[in-house]
Amino acid sequence: MTDIARLKAALADVKVEDNPAIVKQKSRDFYWYSPVLRRQLDHVTADLFVSPKNEAEVIHVLTACYAAGVPVTPRGSGTGNYGQAMPLSGGVVLSLAEMRAVTAIAPGRVVAEAGAVLAAIDRETRAHSRQEIRMHPSTYNTASLAGFIAGGSGGIGSINWGGLRDIGNVLRLRVVTMEETPRVLELSGLDLLKVMHAYGTNGIITEVEVPLDAAYDWIDVIAGFDDYMDAVRFADLLANRDGLLFKEIATVAAPAPYDYFLRHQKFLRREQSVVLLMVAPHALDPFLALAAREKADIRYRSDTATDAEKKGLPPVVELTWNHTTLRGLRVDPTITYLQVLYRFPGHVGSIARLTEIFGDEVPGHLEFIRFDGNVACTGLPIVRYSSDERLDEIIRIHEDNGCPIFNPHRYTLEEGGMKKTDAVQLAFKREADPRGLLNPGKMIAWENPDFDLDSDQVYLFPGLAQTAAE
Ligand SMILES: Cc1cc2nc3c(=O)[nH]c(=O)nc-3n(C[C@H](O)[C@H](O)[C@H](O)COP(=O)(O)OP(=O)(O)OC[C@H]3O[C@@H](n4cnc5c(N)ncnc54)[C@H](O)[C@@H]3O)c2cc1C
């Protein structure tokens with residue numbers, strides 16, 4: 001009997017799928033966004049796809065896998081786009097998708113099981129008390145809460161609340177360790193950062209508590225500008241108006257909106273760049289006054305569009321963040337993208353410089369966010385990909401211009417550049433996953449004892465030692 005056959009027998013009471021075609025499909029995420037990752041990860045598959053229904057079953061699966069020495073890669077909805085949820089060493093993909101209950105709602109907070117889909121949580125909190133999650137990825141309708149926390153960074157709402165890196169945006173995590181006898185940890189405060197954006201390499205999140213904000217009937221608006229930098233300056237102006245409330249402010253450079261937002265094409269002009277907005281109803285009138293003053297060409301408003309016009313139209317949520325790239329890839333599979341940080345106070349100047357350097361080779365796409373207390377931008381520019389060498393050169397030119405890149409063409413935590421592995425992070429991994437069975441291959445520092453834990457590379461989530469000392 002093979003290890004896997006023995007493991008399957010040990011998991012007789014848990015839902016297990018071993019059909020190779022289904023397991024392979026469930027071993028994939030959106031890694032194919034990157035031409036580099038597509039080549040590296042296309043063959044990856046697990047041996048078993050296991051779907052526990054509750055925390056007790058999670059503990060049972062981890063105990064059995066530990067005993068058999070079989071790797072475990074957790075999975076929410078599989079929408080990560082750096083291969084985070086792909087089982088590089090085979091073994092078990094542990095799906096949390098069947099653990100999706102919302103277990104408590106109170107003023108300002110919600111508790112849900114790991115696999116709860118973000119939009120489904122909001123449906124419950126809205127119905128309960130007109131509240132909603134502070135921030136979510138553009139995969140709102142599909143992504144899971146724990147998958148977002150373990151694999152994402154921020155999104156719609158980050159203009160008001162910053163990102164997952166900011167203390168206060170997650171309140172509590174319940175995490176099961178990968179030991180002979182798994183422990184259940186209740187993490188809060190700075191300890192949360194050990195598990196956040198760690199790709200499930202140091203524990204399985206079973207329950208999450210996050211803060212809530214007041215829910216509004218957000219109005220989608222698309223404004224056009226003949227010049228991309230005018231769109232950027234308008235977006236920056238809006239983001240800095242303290243009396244207005246937006247949930248989303250993004251810019252996309254022409255001709256990408258017209259070429260890629262096919263169902264919106266009737267509202268758009270090919271030569272126009274756009275600002276994509278979600279505006280609170282009470283902020284609409286003052287926003288429109290500013291838009292008129294700044295000569296924004298309002299192309300679309302969800303509050304005035306007819307039902308016939310709105311039919312089949314995706315919401316602004318699904319035009320922004322990585323949905324911009326997704327819509328582009330559907331039209332032109334040869335494009336790819338980057339993730340850039342344009343830091344305050346020079347963000348608009350940096351954007352102007354890089355727009356000038358690259359022109360249509362790297363059409364701009366910005367997401368306005370709060371970053372360390374100021375308005376700044378994260379960019380997900382489209383790249384008209386020609387070769388790996390040119391992609392590396394485009395990255396270098398951004399860095400030479402003071403704009404760090406979080407490289408979406410790398411599947412390890414360290415090379416992806418969002419999460420710093422330092423000595424504290426590594427010590428927690430040793431404690432929570434002593435045999436290195438959780439999502440192996442994603443943390444270089446675990447496998448390479450010579451890895452420089454003190455490098456001064458810019459990471460989105462700083463090192464734990466630095467955060468504890470600040
Ligand atoms: C079209 C598109 C748009 C996107 N937009 C955004 C965006 O706006 N903002 C953003 O941050 N990201 C974005 N992403 C990336 C991705 O959607 C988010 O990271 C998403 O939140 C992942 O959720 P998921 O449930 O699909 O997680 P998965 O892809 O299933 O998992 C993500 C990571 O978390 C780990 N994980 C999953 N569940 C657990 C658990 N219970 N315990 C421990 N580890 C776990 C996995 O192993 C993996 O490493 C986008 C991706 C796509 C394809």
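Refer to the preceding data block for the structure.
Below or above, wherever it landed, is the structure these notes cover. (Residues numbered from 1 in each chain as written. Predicted model: local features only at pLDDT ≥ 70, side-chain atom pairs only at ≥ 80, totals over all residues. Heavy atoms only, no water.)

A word on the pattern of salt bridges. Inspection of every chain in the model, using the stated rule, returns 32 salt bridges. Put simply, Lys15 and Glu98 hold a salt bridge, and the shortest N to O gap is 2.6 Å. With Lys15 in strand S1 (residues 15-17) and Glu98 in the loop between strand S4 (92-95) and strand S5 (102-106), this residue pair connects regions lying 83 residues apart in the sequence. Residue classification places Lys15 among the partly exposed residues on the basis of a relative accessible area of 49%. Glu98 sits in the partly exposed class, given a relative accessible area of 29%. Each of the salt bridges in this network shares a partner with another, and the network as a whole consists of Glu55, Arg109, Arg172, Arg174, Glu186, Glu207 and Glu209. (Salt bridge = Lys/Arg side-chain N within 4 Å of Asp/Glu carboxyl O. Helix = DSSP H or I, 4+ residues; strand = E, 2+ residues; numbered from the N terminus. Buried < 20%, exposed > 50% of the residue type's maximum accessible area, 1.4 Å probe, protein only.)

Taken together, 37 residues lie around the ligand, and Pro74, Thr79, Ser144, Ser153 and Gly154 are the ones closest in. For the ligand, an oxygen atom lies 3.5 Å from a polar atom in the backbone of Phe148. Taking Gly154, its main chain carries an N or O atom lying 2.6 Å from a nitrogen atom of the ligand. In the complex, the protein chains occlude 98% of the 970 Å² of accessible area that the ligand would expose alone. (Near = heavy atom within 4 Å. Polar contact = N/O pair within 3.5 Å; in protein donor to acceptor, adjacent residues only side chain to side chain. Areas by Shrake-Rupley, 256 points an atom, 1.4 Å probe, with all protein chains shown as cover.)

Next up on the list: helix H9 (residues 228-239). Since one α-helical turn is 3.6 residues long, residues separated by three or four positions face the same way. Along its 12 residues, H9 runs 17 Å from first to last C-alpha, staying within 8% of the 16 Å computed at 1.5 Å per residue. Here H9 lies mainly inside the structure; 10 of its 12 residues are buried. Buried residues of H9: Tyr228, Met229, Ala231, Val232, Phe234, Ala235, Asp236, Leu237, Leu238 and Ala239, and no others. Taking the backbone nitrogen of Met229 as reference, a side-chain oxygen 2.9 Å away marks Asp227 as the first, capping residue of H9. (Expected span 1.5 Å × (residues − 1).)

With that out of the way, let us pick up the environment of Thr181. For Thr181, the position within the fold is in the loop between strand S8 (172-176) and strand S9 (184-187). For the pair Thr181 and Ala64, spaced 117 residues apart in sequence, the C-alpha to C-alpha distance is 9.8 Å.

One number sums up the size of the second largest pocket: a volume of about 330 Å³. Looking at the second largest pocket, it is lined by 15 residues, and the ones nearest its centre are Tyr140, Trp218, Met278, Pro315 and Val317. In terms of residue class, the lining of the second largest pocket is made up of 7 nonpolar, 2 polar and 6 charged. (1 Å grid on protein atoms, 1.4 Å probe; cavity = no way out; pocket = protein on both sides within 12 Å on 5 of 7 lines; lining within 4 Å. Points joined across faces, edges and corners; volume = space filled by probe spheres on them. Nonpolar A, V, L, I, M, F, W, Y, C, P; charged D, E, K, R; others polar.)

Given two aromatic rings, one states the distance between the centres and the angle between the planes to describe the pair. Throughout the structure, instances matching the rule amount to 9 aromatic pairs. Ring plane angle 35 degrees and centroid distance 5.5 Å describe the contact between Phe30 and Trp32, whose orientation is recorded as tilted. On the accessibility criterion, Trp32 (32% relative accessible area) is partly exposed. Measuring from centroid to centroid gives 5.2 Å for Phe225 and Phe234, while their planes differ by 45 degrees, and the two rings are tilted. The same class applies to Phe225 as to Phe234, namely buried. (Phe/Tyr/Trp six-rings, centres within 6.5 Å; stacked < 30°, edge-to-face > 60°.)

To continue, consider the sheet that holds strand S18 (residues 374-379). In space, the 7 strands of this open sheet follow the order S14-S11-S13-S12-S17-S18-S16, with antiparallel pairing throughout. On the outer flanks of this sheet lie strand S14 (297-301) and strand S16 (340-342), each paired with one strand and no other. For this sheet, the mean angle separating the axes of adjacent strands, direction not counted, is 25 degrees. Inspection of the sheet shows strand S17 (residues 365-371) paired to S18 by 6 bridges, in the antiparallel sense. Paired with Glu367 across the two strands is Thr378, which belongs to S18. (Pairing = 2+ DSSP bridges. Axes fitted to C-alpha atoms, helices over the stretch in contact; angles between N-to-C directions.)

Below, the discussion takes up the sheet that holds strand S2 (residues 48-51). Ordered by their spatial adjacency, 4 strands build an open sheet running S1-S2-S4-S3, and the pairing between neighbours is mixed. The open sheet has two edge strands with one neighbour each: S1 and strand S3 (72-75). Sheet twist, expressed as the mean angle between neighbouring strand axes with direction ignored, is 25 degrees. As paired strands, S1 and S2 are joined by 3 bridges and run antiparallel to one another. Opposite Glu17, over in S2, you have Phe49 as the bridge partner. Against the sheet, helix H4 (residues 55-68) makes contact with S2, S3 and S4, and its axis sits at roughly 170 degrees relative to S4, the strand it touches most. (Contact = heavy atoms within 4.5 Å.)

Turning next to the side chain of Lys419. You can see Lys419 is positioned in the loop between helix H16 (413-416) and helix H17 (423-432). With no salt bridge to any partner, buried Lys419 finds its closest opposite charge in Asp422, at an N-O distance of 8.1 Å. From its side chain, Lys419 meets the backbone oxygen of Met196 in a polar contact 2.8 Å long. Engagement of the side chain of Lys419 in a polar contact is seen with the side chain of Gln425, the distance being 3.4 Å. Every residue in contact with Lys419, bar those within four places of it in the chain, is listed here: Leu193, Lys194, Met196, His197, Ala198, Leu413, Glu414, Gln425, Tyr459 and Phe461. (Lys, Arg positive; Asp, Glu negative; His and termini not counted.)

All right, on to the packing of helix H1 (residues 3-10) against H4 then. At their nearest, the axes of H1 and H4 sit 10 Å apart, and the two run at 155 degrees to each other. When the axes of H1 and H4 are compared, the pair comes out roughly antiparallel. In this structure, H1 crosses over H4, and the sense of that crossing is right-handed. Touching Asp3, Leu7 and Ala10 of H1 are His60, Ala64, Cys65 and Ala68, all from H4. Tallied by class, residues from the contact of H1 with H4 come to 5 nonpolar, 1 polar and 1 charged. (Parallel < 35°, antiparallel > 145°, perpendicular 65-115°, else oblique. Left-handed = near helix turned anticlockwise from the far one by under 90°.)

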